[in-house]
Amino acid sequence: MTENGAALALDGVSHSYGGGAPALDAVSLVVPRGRFVAVMGRSGSGKSTLLRCAAGLERPTAGTVRIGGTDLATLKSAGLTRLRRDRVGFVFQSLNLVSALNVRENVTLPLLLAGAREGRELDGRALAGLAAVGLADRAEDVPENLSGGQRQRVAIARALVNEPEVVFADEPTAALDPVTAAGVLALLRRAVDERGRTVVLVTHDPVAAAWTDEAVFLESGRMVGRLDRPDEAGVRAALGASAGQHLAVAR
Ligand SMILES: Nc1ncnc2c1ncn2[C@@H]1O[C@H](COP(=O)(O)OP(=O)(O)O)[C@@H](O)[C@H]1O
Ligand SMILES: [Mg+2]
């Protein structure tokens, strides 16, 4: 897979907050379309910074980020806003939903922001998305009445409704119990397998990483290794190894 055909390509991406020590240090990563990638590492290793730079939420201090071949550095602020709105989906750990809107309205929000008209077609897309996450019957409910897991499923429906080129999820299961978390991860897995979506999942949890196609490991902002078809034991071993020394597979 060449960088140009990739859903996401980072080349030598570094980021320092306010000129301090680099939170991200020359990270390169190519994510082909239709792939589910876990970004792993302990707290403070730079996972969220990587995700924010990759998703156009933060401009890196060095290096290149491309989404579907578009170099984000070539976009002015308005263009970057449009890219985030139209070509990228987000799921965060919490506070994903707008509490003043019902579930259906939350899911239609990205479409409305992208200029779609309210109406039956829009509602149909939202309901189809909600059906795909098993929540069609909660469409008219408010987020407050949903459990944490149900809210994350709504957040996933919303992140997918625009058919984004890349879905970025930062610790989406961190606040959930293991069974509920598995349900949420299964939905992301299905979006990849059945709809060809590309998902970048930030997690520190080896169980979550085992749902993905590839895990990459960060330590002190540097990419220190990767694992294909990660399983829980392999991820735990890699995390242990990266705590002391860089993995043999480090670039
Ligand atoms: N907004 C910020 N301002 C200053 N430093 C930050 C900011 N966000 C993160 N950092 C620092 O950057 C490093 C990486 O943080 P982060 O990317 O959040 O790691 P992770 O998601 O792996 O826990 C940490 O040292 C953290 O303190
Ligand atoms: Mg983080």
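Definitions and cut-offs
- Residues numbered from 1 in each chain as written.
- Chains lettered and ligands numbered in written order.
- Predicted model: local features only at pLDDT ≥ 70, side-chain atom pairs only at ≥ 80, totals over all residues.
- Helix = DSSP H or I, 4+ residues; strand = E, 2+ residues; numbered from the N terminus.
- Rg over C-alpha atoms; globule rule 2.2 N^0.38 Å.
- Buried ≥ 20, exposed ≤ 12 C-beta atoms within 10 Å, placed from the backbone.
- Contact = placed C-beta atoms within 7 Å.
- Pairing = 2+ DSSP bridges.
- Expected span 1.5 Å × (residues − 1).
- Near = placed C-beta within 6 Å.
- Nonpolar A, V, L, I, M, F, W, Y, C, P; charged D, E, K, R; others polar.
- Axes fitted to C-alpha atoms, helices over the stretch in contact; angles between N-to-C directions.
- Core = buried A, V, L, I, M, F, W, Y, C linked by C-beta atoms within 7 Å.
- Parallel < 35°, antiparallel > 145°, perpendicular 65-115°, else oblique.
- Left-handed = near helix turned anticlockwise from the far one by under 90°.

Under an unreviewed UniProt entry, the protein chain has the name ABC transporter ATP-binding protein and belongs to Streptomyces gardneri.

A count of helices and strands for the protein chain gives eight helices and ten strands. Computed over its C-alpha atoms, the radius of gyration of the protein chain comes to 18 Å, within 12% of the 18 Å expected for a compact globule of 251 residues. In the protein chain, which comprises 251 residues, the share counted as buried stands at 44%. Nonlocal contacts in the protein chain, meaning residues at least 24 apart in sequence, comprise 66% of its contacts between residues at least 6 apart.

Where strands meet in a sheet, backbone hydrogen bonds hold them as pairs that are either parallel or antiparallel. Ordered by their spatial adjacency, four strands build an open sheet running β2-β1-β4-β5, and the pairing between neighbours is antiparallel. Looking along the sheet, the strands with just one partner apiece sit at the ends: β2 (22-31) and β5 (70-71). In this sheet, β2 lies alongside strand β1 (residues 8-16) in antiparallel orientation, the contact comprising six bridges. Counterpart to A9 in the pairing with β2 is V30.

Right, let's get into helix α5 (residues 148-160). Over its 13 residues, α5 extends 19 Å from the first C-alpha to the last, a length consistent with the 18 Å expected when each residue adds 1.5 Å. Summarising burial for α5: eleven of the 13 residues are buried, a large majority. Three or more residues of α5 are buried, namely Q150, R151, Q152, R153, V154, A155, I156, A157, R158, A159 and L160. Contacts made by the buried residues of α5 are with β6 (88-91), α3 (103-113), α4 (120-132), β7 (166-170) and α6 (178-195).

Moving on to the site of ligand 1. Taken together, the residues surrounding ligand 1 are Y17, A23, G41, S43, G44, S45, G46, K47, S48 and T49. For the shell around ligand 1, the residue count by class is two nonpolar, seven polar and one charged.

If you walk across this open sheet you meet the six strands as β6-β7-β8-β3-β9-β10, and the pairing is mixed. Every other strand in the sheet has two partners, leaving β6 and β10 (222-228) as the edge strands with one partner each. Averaged over all pairs of adjacent strands, the angle between strand axes in this sheet comes to 20°, irrespective of strand direction. The pairing of strand β9 (residues 214-219) with β10 spans six bridges and is antiparallel. Considered in β10, the bridge of E214 is made with D228. Packing against the sheet, helix α1 (residues 47-54) makes contact with β3 (36-40), β7, β8 (199-202) and β9, and its axis sits at approximately 150° to β8.

On to the pairing of β3. Most of β3 is tucked away, with five of its five residues classed as buried. Burial of the side chains of β3 extends over both faces: F36, A38 and M40 are buried on one face and V37 and V39 on the other. Bridge count for β3 against β8 is four bridges, and the pairing is parallel. Paired with V37 across the bridge in β8 is V200. Examined bridge by bridge, β3 and β9 share four bridges and lie parallel to one another. For M40, the partnering residue across the bridge sits in β9 and is F217.

Attention now goes to the nonpolar core. Counting residues in each nonpolar core, the largest one holds 69 residues, and the members touching the most others are V39, A54, F168, L188, V200 and L201. Ignoring sequence-local partners within four residues, the contact set of F168 consists of L51, A54, A55, V88, F90 and V200.

On to the environment of K76, then. Its place among the elements puts K76 in the loop between β5 and α2 (77-87). With 8 C-beta atoms packed within 10 Å, K76 lands in the exposed category. In sequence terms K76 and E194 are 118 residues apart; their C-alpha atoms lie 34 Å from each other.

Contact geometry of α3 with α5 gives a least axis separation of 7 Å together with a crossing angle of 30°. Our classification of the angle between α3 and α5 gives roughly parallel. When you trace α3 past α5, the crossing you get is right-handed. Contacts from V103, N106, V107, L109 and P110 of α3 reach α5 at V154, A157 and R158.

Moving on, we get to the environment of G46. Its location among the elements puts G46 in the loop between β3 and α1. For G46, a count of 24 C-beta atoms within 10 Å puts it in the buried group. Setting aside its immediate chain neighbours within four residues, G46 contacts A23, L24, G41, L218 and G221.

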